Amino acid sequence: MAASGEPRRQWQEEVAAVAVVGSCMTDLVSLTSRLPKTGETIHGHKFFIGFGGKGANQCVQAARLGAQTSMVCKVGKDSFGNDYIENLKQNDISTEFAYQTKDAATGAASIIVNNEGQNIIVIVAGANLLLNTEDLRKAAHVIGRAKVLVCQLEITPATSLEALIMARSNGVKTLFNPAPAMADLDPRFYTLSDVFCCNESEGAGDSFVGALAFYLAYYPNLSLEEMIKRSNYIAAVSVQAVGTQSSYPYKKDLPLTLF
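Quick caveat: nothing in here was measured; it's all calculated off a predicted structure. (Residues numbered from 1 in each chain as written. Predicted model: local features only at pLDDT ≥ 70, side-chain atom pairs only at ≥ 80, totals over all residues. Heavy atoms only, no water.)

A short note on the confidence of the model for the protein
Stage number 1. Scored by pLDDT, the protein has a mean of 93; 94% of the residues are at 70 or more.
Stage number 2. Counting interchain partners and residues more than four positions distant, the pLDDT-below-50 stretch residues 1-12 has 31 contacts. (pLDDT = per-residue confidence, 0-100. Contact = heavy atoms within 4.5 Å.)

In structure tokens:
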């Protein structure tokens, strides 16, 4: 297993143990003393741009623990999309199937947070919703040779379902995070998921899923209970730092007993 925090420059030639089919979102965050009322313009005191999206978040955490990872996603052919692909590369994630399209903008979340931590969020999924089954077919060898496939519901559900079908048909373990929650979920999601991980929160929740994917891929002999215990510990570390992906710990920063 490759050591986390060290460059893995040959990932293009290696098989990804963890494949993630999911979303990439650019977070546009404004911090204010209070939330604006309808029709009101107020001044904020800080603004920053972050990398989010449940799929990419989970992939980044798995990679930082040392997993060979591949992200199957779609972003816009725009500056946010370019930056996002570079972010994945900086986290040693294979971007061979990180598609760019001119037909939609990179997914974005506009977030306003007040001093009490209350927020207002508007999400425009954009290019995420254009990831389709044809894109998955091009990535079939990555999905079919992985040890674990991870999916969520921030892309078109039919695309996530198809990815799970592809993985299952090749004997790949499947980890499905049914978030954001949706009514009338296709019952096949239950039968196609080896691990059905209900979890609505970003940040700590995505850190947990990414860590669990890592353990499923690299420590398959651990009990599920022990995997969950270790994943919880890693997620708890993430909430002690600022940001989403920026808060995710590397293997080198964690106790050796987790590995």
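Now that the structure has been shown, the text picks up again.
Thoughts on the pattern of salt bridges
Stage number 1. The full count for this structure, using the stated rule, is eight salt bridges.
Stage number 2. Where R168 meets D194, a salt bridge forms, and the shortest distance between an N and an O atom there is 3.0 Å. Taken as a pair, R168 in helix α5 (residues 157-169) and D194 in the loop between α6 (188-191) and β11 (195-196) lie far apart in primary sequence, 26 residues in all.
Stage number 3. Note on R168: relative accessible area 31%, which makes it partly exposed.
Stage number 4. Judged by its relative accessible area of 44%, D194 falls in the partly exposed class.
Stage number 5. Notably, a salt bridge pairs D253 with K252, separated by 3.5 Å at the nearest N-O pair. (Salt bridge = Lys/Arg side-chain N within 4 Å of Asp/Glu carboxyl O. Helix = DSSP H or I, 4+ residues; strand = E, 2+ residues; numbered from the N terminus. Buried < 20%, exposed > 50% of the residue type's maximum accessible area, 1.4 Å probe, protein only.)

Details of the packing of helix α1 (residues 54-64) against helix α7 (residues 204-218)
The description of two helices packed together rests on the angle between their axes and the distance between the axes.
Stage number 1. Where α1 contacts α7, the axes come no closer than 7 Å and their chain directions differ by 50°. Judged by the inter-axis angle, α1 sits oblique to α7. Handedness of the crossing formed by α1 with α7: right-handed. Note on element contacts: α7 touches α1 through D206, S207, V209, G210, A211 and F214, opposite K54, N57, Q58, Q61 and A62.
Stage number 2. Its residues placed into classes, the contact of α1 with α7 shows four nonpolar, five polar and two charged. (Axes fitted to C-alpha atoms, helices over the stretch in contact; angles between N-to-C directions. Parallel < 35°, antiparallel > 145°, perpendicular 65-115°, else oblique. Left-handed = near helix turned anticlockwise from the far one by under 90°. Nonpolar A, V, L, I, M, F, W, Y, C, P; charged D, E, K, R; others polar.)

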